[in-house]
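One-letter residues, chain by chain:
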Amino acid sequence: MSNMQRTLIIVKPDAMQRNLLGRIVTRFEEKGLKIAGMKMTRLSDEKLDEHYIHHKDKPFFQDLKGFMKSSPVVFLVLEGHEVIETVRLIIGPTNGRVADAGSIRGDFSMSQANNIVHASDSLESAEAEIKRFFAEDELYDYQKDDWNWIYATDELDQNKN
Ligand code: CMP
């Protein structure tokens, strides 16, 4: 049965500075994920306090905020059947040093903090994070023709508008 989900990706300042944006987007595209939204912005203190509220008492919180504000970032909203779990596998665990080769962090990161991308970790956080960073009219429902080949019929539930 189809379980279409959306998840939020942040391409972090280290990836932007290291010219990795295109390669990261390519990995998601090649996997067969639909881009439902995409934009570039510089993160504000207000948004970072909200986004990282569960880390506010951690010793690395101020460094994390400084890092996330140091360059503009790119946001992606990705869509697909069970996409939240799939994207977590594609990016690998937080610490790039122990991430599997082949994952984004495994291939591009040697750090726990400078770990290239953020991705939502659950359905609840995906919904909250997408709402935090995207207005309704910045997200797109459209037919993706290659999905007829990427998915089996029972996994497919395309928006056609
Ligand atoms: P992210 O997936 O965005 O979620 C929280 C971020 O905090 C994480 O990626 C890292 O960038 C950062 N982080 C997590 N743990 C540590 C740590 N021990 N030291 C420094 N930064 C960390």
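What this report covers is the structure whose coordinates are included nearby. (Residues numbered from 1 in each chain as written. Predicted model: local features only at pLDDT ≥ 70, side-chain atom pairs only at ≥ 80, totals over all residues. Heavy atoms only, no water.)

Here's the deal with helix 2 (residues 21-31)
Point 1. Along helix 2, the positions that sit buried rather than exposed are Ile24, Val25 and Phe28. For helix 2, the angular spread of the buried residues around the axis is 95°, confining them to a single face. Exposed side chains of helix 2 directed beyond 90 degrees from the buried face belong to Arg23 and Glu30.
Point 2. Looking one or two residues beyond helix 2, the residue adopting positive phi is Gly32, at roughly 110°. (Buried < 20%, exposed > 50% of the residue type's maximum accessible area, 1.4 Å probe, protein only. Helix = DSSP H or I, 4+ residues; strand = E, 2+ residues; numbered from the N terminus. Arc of directions from axis to C-beta.)

Here's the deal with the pairing of strand 1 (residues 4-11)
Point 1. Counted residue by residue, strand 1 has six buried out of eight residues, so it is predominantly covered.
Point 2. Sheet topology note: the strand 1/strand 3 (residues 73-81) ladder contains eight bridges and is antiparallel. Bridge pairing in strand 3 links Leu8 to Val77.
Point 3. By the bridge criterion, three bridges tie strand 1 to strand 4 (residues 117-119) in an arrangement that is antiparallel. Of the residues in strand 4, the one forming a bridge with Val11 is Val117. (Pairing = 2+ DSSP bridges.)

Re the pattern of salt bridges
Point 1. With the rule as written, the count across this model stands at 11 salt bridges.
Point 2. Across the pair Arg6 and Asp141 runs a salt bridge whose closest N-O atoms are separated by 2.7 Å. Here Asp141 lies in the loop between helix 7 (123-133) and helix 8 (147-150) and Arg6 lies in strand 1, a separation of 135 residues in the sequence.
Point 3. Taking relative accessible area as the criterion, Arg6 reaches 22% and is therefore assigned partly exposed.
Point 4. Relative accessible area serves as the criterion here: at 32%, Asp141 is assigned to the partly exposed category.
Point 5. Lys65 is the partner of Asp45 in a salt bridge, and the nearest nitrogen-oxygen pair spans 3.3 Å. Of this pair, Asp45 sits in helix 3 (residues 45-51) while Lys65 sits in helix 4 (residues 61-69), and the two are 20 residues apart along the sequence. (Salt bridge = Lys/Arg side-chain N within 4 Å of Asp/Glu carboxyl O.)

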